[in-house]
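One-letter residues, chain by chain:
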Amino acid sequence: MTDKTMTPDEVVGRLRSGMTIGIGGWGSRRKPMALVRALLRSGITDLTVVSYGGPDVGLLAAAGRIRKLVAAFTTLDSIPLEPNFRAARERGAFELTELDEAMFMWGLHAAANRLPFLPVRAGLGSDVMTVNPGLRTVTSPYEDGETFVAVPALRMDAALVHLNRADRQGNGQYLGPDPYFDDLFCEAADTAYVSCEQIVDRFDATAAPQSLLVSRHSVTGVVETPDGAHFTSCAPDHARDEPFQRLYATTPWPAFAERFLSGESEDDYQRAVRTWREEQR
């Protein structure tokens, strides 16, 4: 079978400005942050980002890389509103499409099944139709004649996700409490890249079968990035780094970027984080 292992920079080398990029995870949980940081080291910009947003969106927004964001929310979980997202949104830095969480999920389902849209009840009776005037409704062709929101497919040029374990062929396993729709992100994109805490030859036979979330048929590349979700959580491998997240949320972007994101590699970032931790002792 094909060995799909890559480095973060090799993944980013396959991306281009103007693409639609999906980013898996949920809020500040199991985000592919090493791949996002690699994206920041590149000159890629003018992106449409599709995400259950967290610091992935915040970093890209602060760096001015987003042209359009499609999201159900953008949060750090323990900090309700992602501060760099908020600042960028307040200055009108990018276009925003806000979807209900369920609408977002069905948009992924539609794209994964190569459908142009799926009819859903989610969003009816809310302001989602007002803030997104481009959304349309459809009427059931059957006797019920019910009206639904026609949620458009969230098709992507590439998806980036982070899992606990993966093999070299592209199969991926999550070991935490939730899949976070990462399988749908991979299936809804033309290409998909899985970063993981560890590449393994065999998956844990004692883990639940449904933990084998991502199948190799939908994966283009696999990247081993220990602690690559930092500072978001990747349970059970590690919790969210709350002290560092507070630092991120309260430090002006230029200072944060200079200290932690100005290096040439993920190793430089991890080294800067270790140095900061030593200073806190």
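Check the entry above for the structure.
Residues numbered from 1 in each chain as written. Predicted model: local features only at pLDDT ≥ 70, side-chain atom pairs only at ≥ 80, totals over all residues. Heavy atoms only, no water.

## Comments concerning the side chain of Arg65
Piece 1. Tracing the backbone through its elements, the reader meets Arg65 in the loop between helix 3 (55-62) and strand 3 (66-74).
Piece 2. An unpaired buried charge is present at Arg65: no salt bridge exists, and Asp9, the closest side chain of opposite charge, is 11 Å distant.
Piece 3. At a separation of 2.9 Å, a polar atom in the side chain of Arg65 contacts the main-chain carbonyl oxygen of Ile44.
Piece 4. With residues near it in sequence (within four places) discarded, Arg65 still touches Leu39, Leu40, Ser42, Gly43, Ile44, Thr45, Asp46, Leu47 and Leu60. (Helix = DSSP H or I, 4+ residues; strand = E, 2+ residues; numbered from the N terminus. Buried < 20%, exposed > 50% of the residue type's maximum accessible area, 1.4 Å probe, protein only. Lys, Arg positive; Asp, Glu negative; His and termini not counted. Salt bridge = Lys/Arg side-chain N within 4 Å of Asp/Glu carboxyl O. Polar contact = N/O pair within 3.5 Å; in protein donor to acceptor, adjacent residues only side chain to side chain. Contact = heavy atoms within 4.5 Å.)

## Quick notes on the environment of Arg86
Piece 1. Tracing the sequence through the fold places Arg86 in helix 4 (residues 83-90).
Piece 2. For Arg86 and Ser195, which are 109 residues apart along the polypeptide, the C-alpha to C-alpha distance reads 27 Å.

## Considerations on the pairing of strand 1 (residues 20-23)
Piece 1. With burial as the criterion, each face of strand 1 is covered, one bearing Thr20 and Gly22 and the other bearing Ile21 and Ile23.
Piece 2. The pairing of strand 1 with strand 2 (residues 47-53) spans 4 bridges and is classified as parallel. Along strand 2, the bridge assignment pairs Gly22 with Val50.
Piece 3. In this view, the connection linking strand 1 to its parallel neighbour strand 2 by way of helix 2 (residues 33-41) has right-handed handedness.
Piece 4. Bridging between strand 1 and strand 8 (residues 156-166) involves 3 bridges; their strand directions are parallel. Counterpart to Ile23 in the pairing with strand 8 is Leu160. (Pairing = 2+ DSSP bridges. Right-handed = clockwise from strand over helix to strand, strands pointing away.)

## Comments concerning helix 9 (residues 253-260)
Piece 1. All of the buried residues in helix 9 are Trp253, Phe256, Ala257 and Phe260. Considered in projection along helix 9, the buried side chains sweep an arc of 95° and stay on one side of the axis. Exposed residues pointing more than 90 degrees away from the buried face of helix 9 are listed as Pro254 and Glu258.
Piece 2. Of the surrounding secondary structure, the elements contacted by the buried residues of helix 9 are helix 3, helix 4, helix 8 (242-250) and helix 10 (266-279). (Arc of directions from axis to C-beta.)

## Side note on helix 3
Piece 1. Counting buried positions over the 8 residues of helix 3 gives 8, a clear majority of the element.
Piece 2. Within helix 3, burial applies to Pro55, Asp56, Val57, Gly58, Leu59, Leu60, Ala61 and Ala62.

## What to know about the sheet that holds strand 6 (residues 136-139)
Piece 1. Read from one edge to the other, the open sheet built from 3 strands follows the order 5-7-6, with strand pairing classed as antiparallel. Two strands close off the open sheet at either side, each with one partner strand: strand 5 (117-120) and strand 6. Direction aside, neighbouring strands of the sheet carry axes that sit 40° apart on average.
Piece 2. Of the strand pairs in this sheet, strand 6 and strand 7 (residues 147-152) are connected by 4 bridges, and their pairing is antiparallel. Counterpart to Thr139 in the pairing with strand 7 is Thr147.
Piece 3. Each of strand 5 and strand 7 touches helix 5 (residues 101-112); the most contacted strand, strand 5, lies at about 145° to it. (Axes fitted to C-alpha atoms, helices over the stretch in contact; angles between N-to-C directions.)

## Some details on the packing of aromatic side chains
Piece 1. This structure, assessed with the given rule, holds 17 aromatic pairs.
Piece 2. Measuring from centroid to centroid gives 4.9 Å for Trp26 and Phe73, while their planes differ by 65°, and the two rings are edge-to-face. Of the two residues, Trp26 is situated in the loop between strand 1 and helix 2 and Phe73 in strand 3; the sequence distance between them amounts to 47 residues. Neither Trp26 nor Phe73 differs from the other in exposure class; each is buried.
Piece 3. Aromatic pair Phe244 and Trp276: ring centres 5.5 Å apart, planes at 85°, arrangement edge-to-face. Residue Phe244 is found in helix 8, and its partner Trp276 is found in helix 10; the two are separated by 32 residues along the sequence. Comparing Phe244 with Trp276, the two get one shared label, buried.
Piece 4. A network of ring pairs unites the aromatic residues Phe231, Phe244, Tyr248, Trp253, Phe256, Phe260, Tyr269 and Trp276 as a single cluster.
Piece 5. The ring of Tyr269 carries the charged tip of Arg37 above its face, separated from the ring centre by 3.7 Å. (Phe/Tyr/Trp six-rings, centres within 6.5 Å; stacked < 30°, edge-to-face > 60°. Lys NZ or Arg CZ within 6 Å of the ring centre and 35° of its normal.)

## Observations concerning the pairing of strand 5
Each regular strand shows side chains that alternate between the opposite faces of the sheet.
Piece 1. Across the two faces of strand 5 the burial differs, with Leu118 and Val120 buried and Phe117 and Pro119 not buried at all.
Piece 2. Relative to strand 7, strand 5 runs antiparallel, the two being bridged by 4 bridges. Of the residues in strand 7, the one forming a bridge with Phe117 is Pro152.

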